[in-house]
Amino acid sequence: MKLEDFDYVLPEELIAQVPLENRAASRLMVLDKETGEVEHHHFPHIVEELEAGDCLILNDTRVLPARLIGEKKETGAHIEVLLIKQTADDEWETLVKPAKRIKVGTVVTFGDGLLTAECTGELEHGGRLFKFNYEGIFIEILEKLGTMPLPPYIHEKLDNQERYQTVYSKELGSAAAPTAGLHFTDEILDAIRAKGVQVAFVTLHVGIGTFRPVSVETIEEHDMHAEFYNLPAETAQIINDTKTNGGRVIAVGTTSTRTLETVAQNNNGQIIAESGWSKIFIYPGFEYKAIDGMVTNFHLPKSSLVMMISALAGRENVLNAYKIAVENKYRFFSFGDAMFIRPQKKGN
């Protein structure tokens, strides 16, 4: 399949720059994955779409305030460091701007010396390894000095950093938020549970590679980035019981989907407790083994995420829905509106 097959025209003004004041005030497009029919609602309608006996799977990762602004010790030059992945005790893989200023042995200071970092290795594409030095607890220092690593298409400052976290975020480790979950409030989750829907959690730490564009013309040649996931035993039991009892498994976001389908592909369709690194690439032709439906956002043209939802609802259905979303001025990307890819009702 060709990359151009997943392109669409998006006016720049539809890219949401700030979150809505009320998380649940976003719009909700419902796309029937079988018929391609589209309905327009607001997000609280998601409660009506779920049925007793379903299970809803959420990604409880929490975004690290991983963007640090410091100074080169020798010259005082302004340096931006983005933490990507911890590779050893106090050593991190990072992206640096401007990378050309940072060589092995360079020391960068943050917060008037509260935190310092020495470059221990040079990587590709502006990547650097840094060994951090500090007194106290690293995460607490990061919470004090760091800011949220917002996606490159967001140019406005985020006044409240918690708005780039889900209300159920718990496990620190992501470089980006699982944005489909940003629409949920505690009240909506309570209403979903009250309806007889099981709510369970997985963890997938979103890597910065989620923003890396697909650069090959033939998508089958694309190399996916790896992300760490954990599917606990309690969640595995809930999913298996749901399937046994004829309920539907609804994933919140492409990250939850990626976790569930990785485990299912690894284990011949079975859902078990498992941790590991996922490089799964889902595009049309993929056979879903874990999920029935998905809550998601509106994704970038020609992205692997558009390919993933096209595998669930059909490329033509998805691109038509996106065309309708543009015509109706839906808000796109991380702080934008939501889509529910509706599976068949039980018994149909």
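Figured I'd write up the structure that's included with this text. Since we're looking at a predicted model, the values are computed, not measured.

All right, on to the overall build of the protein then. Within the protein one finds seven helices and 17 strands. A compact globule built from 348 residues should have a C-alpha radius of gyration of about 20 Å, and the protein, at 21 Å, falls within 12% of that. A burial count over the protein gives 54% of its 348 residues as buried. At a minimum sequence separation of 6, the contacts of the protein that also span at least 24 residues come to 70%. Only carbon and sulfur atoms are counted for the fraction: they give 47% of the accessible area of the protein, which is about 15500 Å². With 35 positive and 50 negative side-chain charges, the protein shows a separation of 3 Å between the mean positions of the two kinds.

It is worth spelling out the side chain of Asp-54 at this point. Residue position: Asp-54 is located in the loop between helix H1 (46-49) and strand S3 (55-59). When its relative accessible area of 0% is taken as the criterion, Asp-54 is described as buried. A polar side-chain atom of Asp-54 sits 2.9 Å from the main-chain amide nitrogen of Glu-51. A distance of 2.8 Å separates the side chain of Asp-54 from the side chain of Arg-248, its partner in a polar contact. Non-local contacts of Asp-54, meaning those with residues more than four positions away in its chain, are made with Gly-196, Val-197, Gln-198, Thr-242, Gly-247, Arg-248 and Lys-346.

On to the nonpolar core, then. Among the nonpolar cores identified, the biggest contains 66 residues, and Leu-260, Tyr-288, Ile-291, Tyr-322 and Phe-332 are the most heavily contacted of them. A per-element tally of this core places helix H6 (residues 304-313) first, with seven residues. Setting aside residues no more than four positions away along its own chain, Tyr-288 makes contact with Thr-257, Glu-261, Ile-282, Met-294, Met-308, Ala-311 and Leu-312. In terms of nonpolar packing, the next biggest core, distinct from the first, is built from 22 residues, Ala-24, Ala-180, Ile-188 and Val-197 among them.

Counted according to the given criterion, the structure contains 13 salt bridges. Ionic pairing is found between Glu-80 and Arg-67, a salt bridge with its closest N-O pair at 3.0 Å. A residue pair is termed long-range when its members are at least 10 positions apart, and Glu-80 in strand S6 (residues 78-88) and Arg-67 in strand S5 (residues 67-72) qualify at 13 residues. Note on Glu-80: relative accessible area 17%, which makes it buried. By relative accessible area, which is 31% here, Arg-67 ends up partly exposed. Salt-bridge contacts for Asp-223 lead to Lys-279; the nearest nitrogen and oxygen are separated by 2.9 Å. Taken as a pair, Asp-223 in the loop between strand S12 (198-204) and strand S13 (227-231) and Lys-279 in the loop between strand S15 (274-278) and strand S16 (293-297) lie far apart in primary sequence, 56 residues in all. A relative accessible area of 46% means that Lys-279 is categorised as partly exposed. Each of Glu-39, Glu-49 and Arg-342 takes part in a single network of salt bridges with overlapping partners.

With that out of the way, let us pick up the sheet that holds strand S1 (residues 27-32). Pairing is mixed in the open sheet, where nine strands are placed in the order S2-S1-S17-S16-S14-S3-S12-S13-S15. What marks the edges here is a single partner per strand, and that holds for strand S2 (38-42) and S15. Shown here is a sheet whose adjacent strand axes are inclined to one another by a mean of 25°, direction ignored. In this structure, S3 lies alongside strand S14 (residues 249-252), joined through three bridges in parallel fashion. Pairing of Ile-57 across the sheet is with Ala-251, part of S14. Relative to the sheet, helix H5 (residues 253-266) contacts S3, S12, S13, S14, S15 and S16, its axis offset from that of S13 by approximately 75°. Along the sheet, H6 makes contact with S1, S16 and strand S17 (338-342), crossing S16 at roughly 150°.

Here we take up the sheet that holds strand S8 (residues 107-110). Here we have six strands rolled up into a closed barrel, ordered S5-S6-S7-S10-S9-S8, and antiparallel in their pairing. Along the sheet, successive strands turn relative to each other by an average axial angle of 45°, direction set aside. In this structure, S6 lies alongside strand S7 (residues 91-97), joined through seven bridges in antiparallel fashion. Residue pairing for S7: Leu-83 is matched across the bridge by Thr-94.

Criteria and thresholds
Residues numbered from 1 in each chain as written. Predicted model: local features only at pLDDT ≥ 70, side-chain atom pairs only at ≥ 80, totals over all residues. Heavy atoms only, no water. Helix = DSSP H or I, 4+ residues; strand = E, 2+ residues; numbered from the N terminus. Rg over C-alpha atoms; globule rule 2.2 N^0.38 Å. Buried < 20%, exposed > 50% of the residue type's maximum accessible area, 1.4 Å probe, protein only. Contact = heavy atoms within 4.5 Å. Areas by Shrake-Rupley, 256 points an atom, 1.4 Å probe, with all protein chains shown as cover. Lys, Arg positive; Asp, Glu negative; His and termini not counted. Charge placed at Lys NZ, Arg CZ, Asp CG, Glu CD. Polar contact = N/O pair within 3.5 Å; in protein donor to acceptor, adjacent residues only side chain to side chain. Core = buried A, V, L, I, M, F, W, Y, C linked by side-chain atoms within 4.5 Å. Salt bridge = Lys/Arg side-chain N within 4 Å of Asp/Glu carboxyl O. Pairing = 2+ DSSP bridges. Axes fitted to C-alpha atoms, helices over the stretch in contact; angles between N-to-C directions.

Everything listed here is a matter of geometry and, on its own, says nothing about what the molecule does.
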